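For reference, the chains in residue letters:
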Amino acid sequence: MTVDSSATRKPRRSATGKAGTTGSKTGTTGTKSGATGTRRTTRAAAQKGTEPQLVQLLTPEGKRVKNAEYDAYVAGITPEDLRGLYRDMVLTRRFDAEATALQRQGELGLWASLLGQEAAQIGSGRALRDDDYVFPTYREHGVAWCRDVDPTNLLGMFRGVNNGGWDPNSNNFHLYTIVIGSQTLHATGYAMGVAKDGADSAVIAYFGDGASSQGDVAESFTFSAVYNAPVVFFCQNNQWAISEPTEKQTRVPLYQRAQGFGFPGVRVDGNDVLACLAVTKWALERARSGEGPTLVEAFTYRMGAHTTSDDPTRYRGDEERLAWEAKDPILRLRRYLEASNQADEGFFAELEAESEALGKRVREAVRAMPDPDHFAIFENVYADGHALVDEERAQFAAYQASFADATEGGR
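Residues numbered from 1 in each chain as written. Predicted model: local features only at pLDDT ≥ 70, side-chain atom pairs only at ≥ 80, totals over all residues. Heavy atoms only, no water.

Colleague: Would you mind going over the pairing of strand β9 (residues 294-299) with me for this structure?
Modeller: Each regular strand displays side chains that alternate between the two surfaces of the sheet. Counting buried positions along β9 gives 5 out of 6 residues, so the element sits mostly inside the fold. Here strand β5 (residues 231-237) runs beside β9; their pairing, made up of 6 bridges, is parallel. The residue of β9 that forms the bridge with cysteine 235 is glutamate 297. As judged from the 5 bridges shared by strand β8 (residues 265-269) and β9, these two strands associate in the parallel manner. Paired with valine 268 across the bridge in β9 is alanine 298. Chirality of the crossover, the property in question, places the unit of β8, helix α9 (residues 273-288) and β9 among those that are right-handed. (Buried < 20%, exposed > 50% of the residue type's maximum accessible area, 1.4 Å probe, protein only. Helix = DSSP H or I, 4+ residues; strand = E, 2+ residues; numbered from the N terminus. Pairing = 2+ DSSP bridges. Right-handed = clockwise from strand over helix to strand, strands pointing away.)

Here it is, written out as structure tokens:
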């Protein structure tokens, strides 16, 4: 499959290692070049029976499809590797489900589920080298798993008992970023520093389709392109920025935005772990070899709520979710493993037991954590005392005390 891209500082390398053209390719998207540039919208393309180009190596039915450009990046994958990818996705989903349940039980203040996005995160996460550096948002639990961050450390922040729970430099995995899109600036600056140091490592920044509308992301694209920074921008397009659909944010597929900044963009099937692995490896190799940034749009779907404070039934229908459940990333790989005789029932049974053990460990660890300090929010706001903060602290203390009074009155 061909991929739309824009001119870069150096020739883009193909999967065979040969230099190829970096200009836009006219493919199934049918883009038109003119004085005003690309004007084709996703909706217009759909009306003419065409779709944006999508890199896919594994169909929803679990069938392996050939791709001349990206097959080389997964050519050496073994049955053990495939089972490892499946295990990563299953355990990540189990941890995520446990965290959601713990929030519903009042053990966590909030949780952002990754349900449905396991392939995008595990595929890209396993493409990284140890010396690469990751800048996540607040939903990259699968990438954290790939970087050997203990899952229980992620939950401390959502319980309110720590400010992250891990040393970013121990795993080259930065703390979760709550401010939408700002981590792309951090990643770009870090990548510029990596280039100045002469290292051959790469940087990857994760963000969602909603963050792509932020000015911070546009500034990151500008700086990374101008300074040829070794950074991969990995956008998980899960179709919804809370309740705002993608078509209300952009008139072109997100990956095509890279063209305007002067570096390649590619859309990959975000529910295909093999394709995500291959495309991310390609983008990281470009970065390490001095060819600059790449935008990867992992086209996936958020099967759950935006966070546990969200009710997706208010803005999207069940038929949409059901259609995407048929493309489930875990079921897709399982079908392939079974059809190709690369995993047996014993493997799946052992993994199920391991999954339950992980859920139990996470549950016990969270319940053993201390309760958060209710008044910590008022600390370290100002270096010195502040009248308004003192007033708000007193009001909150009275509010907390009212619960104790109500309990005593009911005895």
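Colleague: Just to check I follow, could you spell out the nonpolar core for this structure?
Modeller: Nonpolar side chains in soluble globular proteins tend to end up buried together. Counting residues in hydrophobic clusters, the biggest one holds 69 residues, and the most contacted among them are Tyr86, Leu155, Tyr176 and Leu333. Top element by residues in this core is α9. It accounts for 11 residues. With near-sequence residues (within four places) excluded, tyrosine 86 lies in contact with Ile330, Leu333, Arg334, Leu337, Phe347, Phe348 and Leu351. (Core = buried A, V, L, I, M, F, W, Y, C linked by side-chain atoms within 4.5 Å. Contact = heavy atoms within 4.5 Å.)

Colleague: When you look at the packing of aromatic side chains in this model, what are you seeing that I'm missing?
Modeller: Here a ring pair, both rings aromatic, is described through the centre-centre distance and the interplanar angle of the planes. Scanning the entire structure with this criterion turns up 28 aromatic pairs. On the numbers, 6.0 Å between centres and 15° between planes, the contact of phenylalanine 223 with tyrosine 227 is stacked. Relative to tryptophan 324, the ring of phenylalanine 299 has its centre 5.9 Å away and its plane inclined at 50°; by these criteria the two rings are tilted. Here the residue phenylalanine 299 occupies a position in strand β9, and tryptophan 324 occupies one in helix α10 (residues 318-325), the gap between them amounting to 25 residues. Classification of tryptophan 324 as buried rests on a relative accessible area of 12%. Geometry around tryptophan 324 places lysine 327 over its ring, the cationic atom sitting 4.2 Å from the centre. The ring of phenylalanine 348 carries the charged tip of arginine 334 above its face, separated from the ring centre by 3.8 Å. (Phe/Tyr/Trp six-rings, centres within 6.5 Å; stacked < 30°, edge-to-face > 60°. Lys NZ or Arg CZ within 6 Å of the ring centre and 35° of its normal.)

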